[in-house]
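# Residue-level structure breakdown
Each chain, letter by letter, is given below.
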Amino acid sequence: MQVADILKPEAVKTIASCTSKKRLFHDLGELAETSYDLKSTEVIEALIEREGLGPTGVGHGIALPHARLAGATAVQGIFLRLEKPLNFDSVDRQPVDLVFCLIAPECAGVDHLKALALVSRTMRDSATCTKLRANSDPATLHTILTEAQSSQAA
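Notes on the structure follow. (Residues numbered from 1 in each chain as written. Predicted model: local features only at pLDDT ≥ 70, side-chain atom pairs only at ≥ 80, totals over all residues. Heavy atoms only, no water.)

## Focus on the overall build of the chain
This is how the line gets drawn: The helix count covers DSSP runs of H or I at least four residues long, the strand count covers runs of E at least two residues long, and both are numbered beginning at the N terminus. Only C-alpha atoms enter the radius of gyration; for comparison, a globular chain is expected to reach 2.2 Å times N to the power 0.38, where N is the number of residues. Only protein chains enter the accessibility calculation, which uses a 1.4 Å probe; a residue whose area is less than 20% of its type maximum is buried, one above 50% is exposed, and one in between is partly exposed. Each accessible area value is a Shrake-Rupley result obtained with a 1.4 Å probe; residue values ignore everything except the protein chains displayed when judging cover. Positive charges are assigned to Lys and Arg, negative charges to Asp and Glu, while His and the chain termini are left out of the count. Where a charge sits is defined by one atom per residue type, namely NZ (Lys), CZ (Arg), CG (Asp) or CD (Glu).
If you tally the helices and strands in the chain, you get six helices and six strands. Secondary structure of the chain in N-to-C order comes out as α-β-α-α-β-β-β-β-β-α-α-α. In terms of overall size, the chain behaves like a compact globule, its C-alpha atoms giving a radius of gyration of 14 Å where 154 residues would be expected to give roughly 15 Å. When its C-alpha atoms are laid out on the principal axes, the chain stretches across 35 × 30 × 25 Å. Taken across its 154 residues, the chain has 50% of its residues classed as buried. Summed over all atoms, the accessible surface of the chain reaches about 7700 Å², with 51% contributed by carbon and sulfur. Looking at charge distribution, the chain has the averaged site of its 16 positive side-chain charges lying 5 Å from that of its 19 negative ones.

## Things to note about the packing of aromatic side chains
Put simply, the rule reads: Planes of paired rings set the category: under 30 degrees apart is stacked, over 60 is edge-to-face and the rest tilted, where pairs are Phe, Tyr or Trp rings (Trp by its six-membered ring) whose centres lie within 6.5 Å. In this scheme, Lys NZ or Arg CZ marks a charge over a ring once it lies within 6 Å of the ring centre and within 35 degrees of the ring normal.
Under the criterion given, the structure shown has two aromatic pairs. For the ring pair phenylalanine 25 and phenylalanine 88, a centre distance of 6.3 Å and an interplane angle of 90 degrees mean the geometry is edge-to-face. With a gap of 63 residues between them, phenylalanine 25 in helix H2 (residues 21–36) and phenylalanine 88 in the loop between strand S5 (76–86) and strand S6 (96–105) connect regions that are remote in the sequence. Across the pair, exposure class does not vary: phenylalanine 25 and phenylalanine 88 are buried alike. Between phenylalanine 79 and phenylalanine 100, the ring centres sit 6.0 Å apart and the planes meet at 65 degrees, which makes this aromatic pair edge-to-face. Highlighted residues: phenylalanine 79 in strand S5 and phenylalanine 100 in strand S6, separated in sequence by 21 residues. Phenylalanine 79 gets classed as buried once you look at its relative accessible area, which sits at 0%. Over the aromatic face of phenylalanine 88 sits the side chain of lysine 21, whose NZ or CZ is 4.5 Å from the ring centroid.

## Remarks on helix H3 (residues 40–51)
Cut-off, in case you're wondering: To estimate the expected span of a helix, count its residues, drop one, and scale the result by 1.5 Å. The directions considered for the arc run from the helix axis to the C-beta atoms. In this description, contact between two residues means that some pair of their heavy atoms is separated by no more than 4.5 Å.
Taking 1.5 Å per residue, 12 residues should reach 16 Å; H3 reaches 16 Å between its end C-alpha atoms and fits that length. Taken together, the buried positions of H3 are occupied by Ser40, Val43, Ile44, Ala46, Leu47 and Glu51. Across the axial projection of H3, the buried residues extend over an arc of 165 degrees, all falling on one side. Facing away from the buried surface of H3 by more than 90 degrees, the exposed residues are Thr41, Glu45 and Glu49. In this fold, the buried residues of H3 make contact with H2, strand S4 (66–69) and S6.

Written out as structure tokens, the structure is:
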């Protein structure tokens, strides 16, 4: 599995301002609907429900919200770069500006975990995060994310 397998170019966006975690989940839901034909309200509810189990802010300005959804047919990713960092109740109490969301089918099992591990490895790379923070063009962000894995393997 590679990032390009789960992240469509149209599911990458830069957002100028986001005022709350709930608003962020709405933005993710809307992008899931336009990019993957998922119901926005179902995505939002699933993300809020999962976040209730514990925050998905993993530190260093990165959040990895994820949820399982009956309407999903495969593991699908959404990436948002926030121009203004958002308080996300992260483990290190730092605001978040890079958000990689995963939506998986309810029966995804191992594929969901593999995708989460892949995204986590990609986002742990400080060089990749530096490039993501230095660019706002969605096409460039998608390229950085999809090429990060191949450069790590080299």
